[in-house]
Amino acid sequence: MKDNPLSQKIKKASRHTSQEEGLIFEKSSPGKRGFELPPLDVPAADAAKLLGAQHRAQGVEHFPEVSEIEVLRHFTRLSTWNFAIDLGMYPLGSCTMKYNPRVNEFVARLDGIATEHPAQPQSLSQGCLKILRLLEKCLLEITGMDAITLQPAAGAHGEMTGLLLIRAYLEKQGNARKKVLIPDSAHGTNPATAVIAGYEVENIKSESHGQIDIARLREQVTPDVAALMLTNPSTLGIFEQNIPEIAEILHAKGALLYMDGANMNALAGVTRPGDLGVDVMHLNLHKTFSTPHGGGGPGAGPVAVKKLLEPYLPVPVLTEKPDGTLALDAHRKDSIGRVRAFTGNFGVLVRALAYILAYGPGIRQATEDAVVNANYIRKHLEGVFDLPYSLPSMHEVVFSDAKQKKNGVSTMDIAKRLIDYGFHPYTTAFPLIVPGALMIEPTESESKEECDLFIEAMRSIAEESATNPELVKTAPHTTRVRRLDEVGAARKPVLRWKPA
Ligand SMILES: *Cc1c(COP(=O)(O)O)cnc(C)c1O
């Protein structure tokens, strides 16, 4: 490691492990084994004779030959290269990277939960079905909706399910319609979803405070419009204030209101989308309700609906018989069909229920703490970083790099420099309506002390951007690798090792 350019004023400067670790193939030496079997005490069978020589491989070419501890050390070392919520603050805006309470893991691993098979008879699955039923009831209470499906595996999958429900409902009325309206402050998955569900996307421009322009909306809701997809709080981290009026405008023209509820961490226990006029919404259990997030899943994106969409929910639908037993009903004539095998990602659903039950009504406190943390950070960084939209922040705050840009320092540079201070970067360059965005979401997991360290780091980087911009522009300086070719990594990934 060369010079350490970290400011000495900063209390926390946790270093990334920097040991080099080659490929496991490079550790290989012929004849090494990770195990040893006792000598045979019976005559050896002739595998070639039993199987036929053509079925017998002589070994796997270039297969690494290593000892047990070499395997263990190799993967343990690699695991230390990852950043994780268990290592430090992960303020990735729009992602809600919160602490996953360990009790969730304990519950999900219990016998009778972890070991059940989804194909076993329903009479033997009553306990698991009860877990699903209770989770449905909790989520309906939190959202204020009438019915729900737990099947979708992620937020975007929930969006697609929601739009297919809208399409099925409108088709039943005789016309599926053509367009879905999406504000420019919506999450990027929304337009992608609308297109996959067979709709044209029409953009709605936000007014200067980042709210939907109601006058424009009235003009845009034509008989062609199937729905509006509203991200609330929007990707600016601010609450859309006119939802009941927006719902009325849509309903008057026979269109529906979809709410992207992935940001429910700002609302749970405080307000209910169902009470505001929302017809259909998804939740991200892997955000608001903990469950492991990051590293690609698994997740869960339940979709909650008002009564009018209930007949179209994916099968099987969980139903309660008069005697209290639960059943999975696969025969519903108007259903859009299955969107996921069995009943969804059961292990994730169990974890989310454990989280909800552990909090109980205290879920409101979690929400309030998340909002307080975001606003605490906002208050201490306002003036240091440009704040393009000034309405009150909810669970995240969006700054821009306008001040630092004057010295040639961009949001990406600041994010990379943040790594040197021991934090995972915030979300860069999103939402798109804020050029050079810094999108910061601390979640309720972080203590005041941790928020203070983050604020200190950000202020220090702002100072460096003025006094020594090169330092920031060439960050990170303390990691194993410096700036990677991110475009190259996405376009030409090298996923397989081949011998030279
Ligand atoms: C994360 C997110 C999504 C997408 O959820 P996935 O589980 O990643 O598919 C959609 N909308 C918003 C607002 C989000 O934050």
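Residues numbered from 1 in each chain as written. Predicted model: local features only at pLDDT ≥ 70, side-chain atom pairs only at ≥ 80, totals over all residues. Heavy atoms only, no water.

(A) Inspection of the overall build of the protein at higher detail. If you tally the helices and strands in the protein, you get 18 helices and 12 strands. The principal-axis extent of the C-alpha atoms belonging to the protein is close to 80 × 70 × 40 Å. Burial status across the protein gives 49% buried among its 500 residues. Taking the contacts inside the protein whose residues are at least 6 apart along the sequence as the reference set, 71% of them involve residues at least 24 apart. Carbon and sulfur atoms make up 56% of the accessible area of the protein, which amounts to about 24400 Å² in all. (Helix = DSSP H or I, 4+ residues; strand = E, 2+ residues; numbered from the N terminus. Buried < 20%, exposed > 50% of the residue type's maximum accessible area, 1.4 Å probe, protein only. Contact = heavy atoms within 4.5 Å. Areas by Shrake-Rupley, 256 points an atom, 1.4 Å probe, with all protein chains shown as cover.)

(B) Representation of the packing of aromatic side chains. For the structure shown, the criterion picks out seven aromatic pairs. Seen in terms of ring centroids, F289 and Y355 are 6.4 Å apart; in terms of plane orientation they differ by 80 degrees. Their pairing is edge-to-face. In this pair, F289 is assigned in the loop between α11 (285–288) and β7 (303–305) and Y355 in helix α12 (residues 346–359), connecting sequence segments 66 residues apart. Assigned by exposure class, F289 and Y355 land together as buried. Summarising the aromatic geometry, the rings of Y355 and Y359 are spaced 4.9 Å apart at their centres and angled 70 degrees between planes, so their arrangement reads as edge-to-face. Of this pair, Y355 and Y359 are both found in helix α12, four residues apart, which corresponds to roughly one turn of the helix. Looking at Y355, the relative accessible area reads 3%, which means it is buried. (Phe/Tyr/Trp six-rings, centres within 6.5 Å; stacked < 30°, edge-to-face > 60°.)

(C) Representation of the pairing of strand β6 (residues 280–283) in the model. Burial of the side chains of β6 extends over both faces: V280 and H282 are buried on one face and M281 and L283 on the other. One ladder, built from three bridges, connects β6 with β7; its direction is antiparallel. Considered in β7, the bridge of M281 is made with A304. (Pairing = 2+ DSSP bridges.)

(D) Structural context of the site of the ligand. Of all residues adjacent to the ligand, which total 14 residues, the nearest are S94, G155, D260, H286 and K287. Contact between the ligand and S94: an oxygen atom at 2.7 Å from a main-chain N or O atom of the residue. Note that an oxygen atom of the ligand is positioned 2.6 Å from one of the side-chain N or O atoms of K287. Within the complex, the protein chains bury 85% of what would otherwise be the 380 Å² of accessible surface of the ligand. Within the residue set of the shell around the ligand, elements represented by two or more residues are α6 (155–172) and α11. Here the shell around the ligand is built from residues that sort into three nonpolar, eight polar and three charged. (Near = heavy atom within 4 Å. Polar contact = N/O pair within 3.5 Å; in protein donor to acceptor, adjacent residues only side chain to side chain. Nonpolar A, V, L, I, M, F, W, Y, C, P; charged D, E, K, R; others polar.)

(E) Summary view of the domain arrangement of the protein. Parsing the protein into structural domains produces domain 1 (23–79), domain 2 (103–361) and domain 3 (365–491). Between domain 2 and domain 3, the C-alpha centre-to-centre distance is 30 Å. The interface is formed by 27 residues belonging to domain 2 together with 18 residues belonging to domain 3. Here domain 2 packs against domain 3, burying approximately 1700 Å² in sum over the two surfaces, 63% of which is carbon and sulfur. (Domains from an automatic or database assignment. Buried area = accessible area lost by both parts, 1.4 Å probe.)

(F) Layout of the pattern of salt bridges. Counted according to the given criterion, the structure contains 29 salt bridges. For K416, the salt bridge identified is with E486, shortest N-O distance 3.0 Å. Pair noted here: K416 is in helix α15 (residues 411–420) and E486 is in helix α18 (residues 486–491), with a separation of 70 residues, a long-range link. Residue classification places E486 among the partly exposed residues on the basis of a relative accessible area of 43%. Its salt-bridge partner being K448, residue D452 comes within 3.0 Å of it at the nearest N-O pair. Here the residue D452 and the residue K448 both occupy positions in helix α16 (residues 448–467), the gap between them amounting to four residues, near one helical turn. Within the structure, one salt-bridge network assembled from shared partners comprises E21, K27 and R77. (Salt bridge = Lys/Arg side-chain N within 4 Å of Asp/Glu carboxyl O.)

(G) Local environment of the sheet that holds β6. Strand order in the open sheet formed by seven strands is β1-β7-β6-β5-β4-β2-β3, and the pairing between neighbours is mixed. Either end of the sheet is taken by a strand with one partner, and the two such strands are β1 (147–149) and β3 (200–204). Across the sheet, the axes of successive neighbouring strands diverge by a mean angle of 25 degrees, strand direction being ignored. Strand direction decides the pairing type here: strand β4 (residues 225–231) and strand β5 (residues 256–261), joined by five bridges, are parallel. Paired with L228 across the bridge in β5 is L257. Contacts between helix α9 (residues 243–252) and the sheet are confined to β4 and β5, with β5 contributing the most and set at about 140 degrees to the helix. (Axes fitted to C-alpha atoms, helices over the stretch in contact; angles between N-to-C directions.)

(H) Expanded view of the packing of helix α13 (residues 363–381) against α16. Two elements in contact, α13 and α16, have axes separated by 10 Å at closest approach and are oriented at 30 degrees. Classed by the angle they form, the pair α13 and α16 counts as roughly parallel. Judged by the twist between their axes, the crossing of α13 over α16 is right-handed. Touching N373, Y376, I377, H380 and L381 of α13 are K448, C451, D452, F454, I455, M458 and R459, all from α16. Residues of the contact of α13 with α16, tallied by class, amount to seven nonpolar, two polar and three charged. (Parallel < 35°, antiparallel > 145°, perpendicular 65-115°, else oblique. Left-handed = near helix turned anticlockwise from the far one by under 90°.)

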